[in-house]
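Read off the chains here:
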Amino acid sequence: MKQFILPDFDNTDSEIILNKKETHYLKNVLRYKTGEIFSAADKSGNIWEAKILRFENKKSIIMLCRKIEPPKEEREAIPEIVLYQCLLKGKKMDLVVRQATEAGVSTIVPVESEFAVAKIEEKQRIEKTERWEKICKEALQQSGSSVLTNVKQHIAFKQLDQFCKKTETSIFFHQNTIEKKSLHQYLFQVAEKVNIIVGPEGGFSDKEVRLMMENGFLPAYLGKNILRAETAAIYGIAAIKTILLEKEKWALC
C-alpha cells in the first residue's frame, strides 16, 4: 500500500507546506482532496494522522492532527537490517538503493572499496547522498514499507569495523566457498542488528576479506551462479530477511 512521507518539520502544531512534487504525489497519485484526513510517516518512523487544509499555487498545506500507534501485528518483529554496499558504477547503485528500501532495510551505507570502479569525489558527497535519499523516499512511498530506510554518507572500507560492532551479526557475501556455517546457523542466535556487506563489481580484495574475518564478520556463499553486484545485494537481503521472518517456524523443526 502506498504511503506519504512527510518532509522535515519542526513543530507539529504548525502548518506544513508541501512543495510541488509532494503536492503532485498527494493530489494526483494518492488522490486526496481538501479536508481529507490521511496517514503519513515522518523520517523517524512515526505515523501521523494529517489533514489537508488547502491547495494553492501548485503547493499544499497540511496539518498534523495526532500521532498514531500502529498495531503490533503490522510491525516486523525481526532485527534491524543494515546494508553496507560497496560503490557500484552508473545507475547500479541507484537500483540497489531502491530495491533495498523496498525490501525493508533500515539503513544503507555506501562503502569505498579497493576494487570499486565508482568513486565519490569530495564535491560530489552531498549531491550523491541527496540523490539516493530522493530515490529512497520514492521507494518508501511506492512500497509502503513500515521500515523507513535512510541513506548515510559513504565511508572507507577500513572504517567498517568501527561501524559494525562486535555485538552485532555482520555477514559478507563472497564468491568463493569460505563459509564455515550456513545462513540459518549464523542467524539462529542473531543480535538486534544484522549488517550485510556486499562487494563491488570486482568483488572484495584479499586484504578486505582478511580485515572482515579478523573483525568477526561471517562469510556467506550464494551459490555457483555468477551474480551481478546489484543482484547479489537484493539476493542476499531477501535470503536473510526470509530466514528472520520464518525463524520461529524453522527453529522448531
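Summarised in this report is the structure supplied together with it. For clarity, every value in this text was computed on a predicted model and none was experimentally measured.

When you go through the protein chain residue by residue, the secondary structure sums to 8 helices and 12 strands. Compactness check: the protein chain gives a C-alpha radius of gyration of 20 Å against a globular reference of 18 Å for 253 residues, within 12% of the reference. Across its three principal directions, the C-alpha atoms of the protein chain cover 60 × 50 × 30 Å. Counting the 253 residues in the protein chain, one finds 43% classified as buried. In the protein chain, of all internal contacts separated by at least 6 residues, the share reaching a separation of at least 24 is 72%.

This brings us to the environment of Glu56. Within the secondary structure layout, Glu56 lies in strand β4 (residues 47-56). The exposure class of Glu56 is partly exposed, given its relative accessible area of 38%. For the pair Glu56 and Arg66, spaced 10 residues apart in the sequence, the C-alpha separation amounts to 24 Å. Polar side-chain contacts of Glu56 include one of 3.2 Å to the side chain of Arg54.

Analysis parameters
Residues numbered from 1 in each chain as written. Predicted model: local features only at pLDDT ≥ 70, side-chain atom pairs only at ≥ 80, totals over all residues. Heavy atoms only, no water. Helix = DSSP H or I, 4+ residues; strand = E, 2+ residues; numbered from the N terminus. Rg over C-alpha atoms; globule rule 2.2 N^0.38 Å. Buried < 20%, exposed > 50% of the residue type's maximum accessible area, 1.4 Å probe, protein only. Contact = heavy atoms within 4.5 Å. Polar contact = N/O pair within 3.5 Å; in protein donor to acceptor, adjacent residues only side chain to side chain.

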